[in-house]
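Next come the chains, spelled out residue by residue.
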Amino acid sequence: MLTVDQASVYFATRDGRTVQALDRVSIDIPDSGFVVALGASGCGKSTILNAIAGFLPLSEGTIALDGRPISGPGADRGVVFQKDTLLPWKTIADNVGLGLKFAGVSRAERRDRVEALLQLVGLADFSAAYPYELSGGMRQRVGIARALAPEPDILLMDEPFGALDSLTREQMQELLVSVWKRTGKRIFFITHSIEEALFLGTQVLVMSPRPGRIVGRFDPPFMRQFAESRDARAVKTAPEFAELREEIRAMLHATDTVKRDAA
Amino acid sequence: MSEITQSIVLRADQVHAQTGTPARAPSVARPVRTVEMTSFGIAGRPTAVISLVTAVAILLAWWATSRFGLVSPLFLPAPAEVVTQFANIYRDGYAGASLGEHLFASLFRILTAAAIAIGLAIPVGLLMGVSRVAKGVLDTPIEFYWPLPPLSYLPLMIIWLGIGETSKITLLTLAMFAPICLSAQAGVRALPIERINAARSLGASRFQLFTDIVFPSALPEILTGIRIALGIGWGTLVAAELIASTRGIGFMIMSAAQFLATDVVFVGIFIIAACAFSSAAIVRLVETALVPWKGRT
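Please read these numbers as outputs of a predicted model, since none were measured by experiment.

S.K.: Honestly, the nonpolar core in this entry has me stumped. Any pointers?
M.R.: A general trend in soluble globular proteins is that nonpolar side chains are found buried together. Grouped together as the largest cluster of nonpolar side chains are 67 residues, with contacts concentrated most on Leu126, Ile180, Ile213 and Ile222 of chain B. At 14 residues, helix α9 (residues 206-243) of chain B tops the list of elements feeding residues into this core. Once residues within four sequence positions are removed from consideration, Ile222 of chain B is found in contact with Ile122, Leu126, Ile180, Ser183, Ala184 and Phe215 of chain B. By size, the runner-up hydrophobic cluster in this structure holds 55 residues, among which are Leu200, Val204, Ile248 and Leu252 of chain A.

S.K.: Looking at this model, I keep getting lost on the interface of chain A and chain B. Mind explaining?
M.R.: Bring the parts together and some accessible area is lost; that lost area is often taken as the interface size. On the side of chain B, 20 residues touch chain A, which itself brings 22 residues to the contact. Taken together, the two surfaces of chain A and chain B that pack against each other cover about 1,900 Å², and 69% of this comes from carbon and sulfur. Interface area lost by chain A to chain B is led by Trp89, Phe102 and Tyr132 of chain A, which between them contribute 39%. At the junction of chain A with chain B, the criterion picks out two salt bridges. We note a salt bridge from Asp212 of chain B to Lys101 of chain A, for which the minimum N-O separation is 2.4 Å. If you look at where chain A meets chain B, you find two residue pairs in polar contact (both at pLDDT 80 or more). Only β6 (77-80), α3 (98-102) and α5 (136-148) of chain A provide two or more residues apiece to the side of chain A that touches chain B.

S.K.: Mind showing me how you'd approach helix α10 (residues 249-258) of chain B here?
M.R.: Every α-helix carries 3.6 residues per turn, so stepping three or four residues along brings you back to the same face. Residues and elements named next belong to chain B. Among the ten residues in α10, seven count as buried, and that is most of the element. For α10, every residue scored as buried is listed here: Ile249, Gly250, Phe251, Met252, Ile253, Ser255 and Ala256. Considering only its buried residues, α10 is in contact with α3 (79-92), α4 (99-130), α9 and α11 (262-290). With its phi angle positive at about 55 degrees, Leu260 sits one or two positions after the end of α10.

S.K.: Explain a nonpolar patch on the surface here, please?
M.R.: On the surface, Phe68, Leu70, Val71, Leu74, Phe75 and Leu260 of chain B cluster together into a nonpolar patch covering about 660 Å² of accessible area. Here Leu70 of chain B shows up in the loop between α2 (48-67) and α3.

S.K.: Looking at this structure, I do not really get the packing of helix α8 (residues 193-201) of chain B against α9 of chain B. What am I missing?
M.R.: Any two packed helices are characterised by how steeply their axes cross, that is the angle between the axes, and by the distance between the axes. All names here are of chain B. Following both chains from N to C, one finds α8 and α9 inclined at 160 degrees, their axes separated by 11 Å at the closest point. One element, α8, and the other, α9, form an angle in the roughly antiparallel class. Here the hand of the crossing between α8 and α9 comes out right-handed. Two secondary-structure elements touch here, α8 through Arg195, Ile196, Ala199 and Arg200 and α9 through Leu209, Ile213, Val214 and Ser217.

S.K.: Would you explain the sheet that holds strand β4 (residues 60-65) of chain A in this entry?
M.R.: Within a sheet, adjacent strands bond to each other through the backbone by hydrogen bonds, running parallel or antiparallel. Residue and element names in this part refer to chain A. Taken together, the four strands give an open sheet; going across it, the order is β2-β1-β4-β5, and neighbouring strands pair in antiparallel fashion. The two strands at the open ends of the sheet, each matched to only one other strand, are β2 (18-29) and β5 (68-69). With eight bridges joining them, strand β1 (residues 2-12) and β2 adopt antiparallel strand pairing. In the sheet register, Val9 faces β2, and the bridge partner there is Leu22. Strands β1, β2 and β4 of the sheet are contacted by helix α1 (residues 45-53), whose axis makes an angle of about 65 degrees with β2.

S.K.: Just to check I follow, could you spell out unusual backbone geometry for this structure?
M.R.: The phi torsion of most residues other than glycine is negative, and most of the peptide bonds are trans. All names here are of chain A. Following Arg210, the chain continues into Pro211 via a peptide bond in cis, with omega recorded as -15 degrees. Along the chain, Pro211 falls in the loop between β9 (203-208) and β10 (213-218). Look at Asp66: it is not a glycine, yet its phi comes out positive at around 50 degrees. As for its placement among the helices and strands, Asp66 is situated in the loop between β4 and β5. Of the residues examined, Asp66 reaches a relative accessible area of 38% and is grouped as partly exposed. The phi dihedral of Arg230 is positive, around 60 degrees, even though this residue is not glycine. The residue Arg230 is located in the loop between α8 (222-229) and α9 (232-237) in this model. On the basis of relative accessibility, which here comes to 45%, the residue Arg230 falls in the partly exposed class.

S.K.: Just checking my understanding: could you explain helix α4 (residues 107-120) of chain A for this structure?
M.R.: Residue and element names in this part refer to chain A. Its 14 residues give α4 an end-to-end C-alpha distance of 20 Å, which sits within 8% of 20 Å, the value for a rise of 1.5 Å per residue. All of the buried residues in α4 are Arg110, Val114, Leu117, Leu118 and Leu120. Angular distribution of buried residues about the axis of α4 spans 145 degrees; they occupy a single face of the element. Residues of α4 that are exposed and point more than 90 degrees away from the buried face comprise Arg111 and Gln119. Residues of α4 that are buried in the fold lie against α2 (92-96), α3, α5 and α6 (166-183).

What counts and what doesn't
Residues numbered from 1 in each chain as written. Chains lettered and ligands numbered in written order. Predicted model: local features only at pLDDT ≥ 70, side-chain atom pairs only at ≥ 80, totals over all residues. Heavy atoms only, no water. Core = buried A, V, L, I, M, F, W, Y, C linked by side-chain atoms within 4.5 Å. Buried < 20%, exposed > 50% of the residue type's maximum accessible area, 1.4 Å probe, protein only. Helix = DSSP H or I, 4+ residues; strand = E, 2+ residues; numbered from the N terminus. Contact = heavy atoms within 4.5 Å. Buried area = accessible area lost by both parts, 1.4 Å probe. Salt bridge = Lys/Arg side-chain N within 4 Å of Asp/Glu carboxyl O. Polar contact = N/O pair within 3.5 Å; in protein donor to acceptor, adjacent residues only side chain to side chain. Patch = residues over 30% accessible without salt bridge, like charges linked within 9 Å, V, L, I, M, F, W, Y side chains within 5 Å. Areas by Shrake-Rupley, 256 points an atom, 1.4 Å probe, with all protein chains shown as cover. Axes fitted to C-alpha atoms, helices over the stretch in contact; angles between N-to-C directions. Parallel < 35°, antiparallel > 145°, perpendicular 65-115°, else oblique. Left-handed = near helix turned anticlockwise from the far one by under 90°. Pairing = 2+ DSSP bridges. Expected span 1.5 Å × (residues − 1). Arc of directions from axis to C-beta.

Okay, here's the thing in structure tokens:
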């Protein structure tokens, strides 16, 4: 279990004011749970992810992974970034094996494990290529394989498909579901796409901005349905899917109106 | 039955031919006017031919000037004279040393200084890029000395270190240190924080961050710095040899100038040009070998 307990974050602005980015947010991510944080920009979803990853300390509250409090980044939490952060001077295989190299895993073992991971994300033929030779979607798959390599306890994904075209994006969502099913990894995923959140999450947290807080929690069944049927169109065009999508859309718009009225 | 199908196929073909609808992506059969987006500036179009023509024109102009006696040979020797003089110097040496010895003296100075400067400037520059204390302490002396023309502190080097090789190599090292050090710092500054965060969440230690992320990330900038440093190095070397030396290409030029041997001066200038050009070309080769990804991410 990853537990975020009453997390608040305040930033100081340049002109000396204090801005609250996160207001007493609590999240529980159970083993093999797929939790998606959904919201417009400025709702603090990236702030939570950065705090869980250990890139950002909390102003108040605690985060613990399986009972151990978090202080700073570590190989127990794999991160997939929105912008790909592959090293341009390393081959795909060496990029995926980077975490294993840091951990001192021998070259031979590294090769075997990297091969298995590249197979998992469908890039077995590209181990000798360099990042600049790959498309955006392929690079993000490498990013996922790299984050999985050191066998983290949880995968943190910060709008990983935000920069991809919509067709590639859907393929990546389906790939991620099969990766999740095969590895049983806990995933904390951030997106501003309602459809993506509903399709992927076993739990969806709807967030509203200024200050960032959770305004709704849903447990959509769609990802498990897709994992069974492998028919994404059927899942996404089902009436229940549309119904929940509209409900969440209304919720996001409502919080927006509140903000506008207040201003 | 088969006849009917045939005729239908035939008719379909005819229709196709008549309407002229392309069945596949059109490959160019008739001459067409290909177009591209309007560009600004040079935009990657080749300039080599223009440069080559210019070089030939300059040589021709030089040849014509001396051939028709427009300028006294004292000021501008004929190209043939320079070539002959080069052969003479190559055979007999100049001012008590062979051409090889002059060249070796210059190369030894600049290569030794380059090795020391690169070896020192990269770690110091990277350290200044990541450490506030290192940056604060080292910025003061570096920002003080590096805008100075090296020749202005050459006399000081000679007073402190004597007239021998040490003073010249120290001077060159100082002149070449700053550009490499500054470029290494710039390389660290350009390093995206996501890359660092990614490495840290993959379990990188501080040392591994430095060797596996910071240094290779800064390498393109460092190599640019080395290229600039070598340019400065050649300039400083020749100037230093002009003032205080008995060997070296710079000394050869200075000594020849005192006897108004303009052709020898030209030989020296061409040798330095060739050396400086080669060293820049070598760094470029190293760049393509070490940072093939540059500009492609």
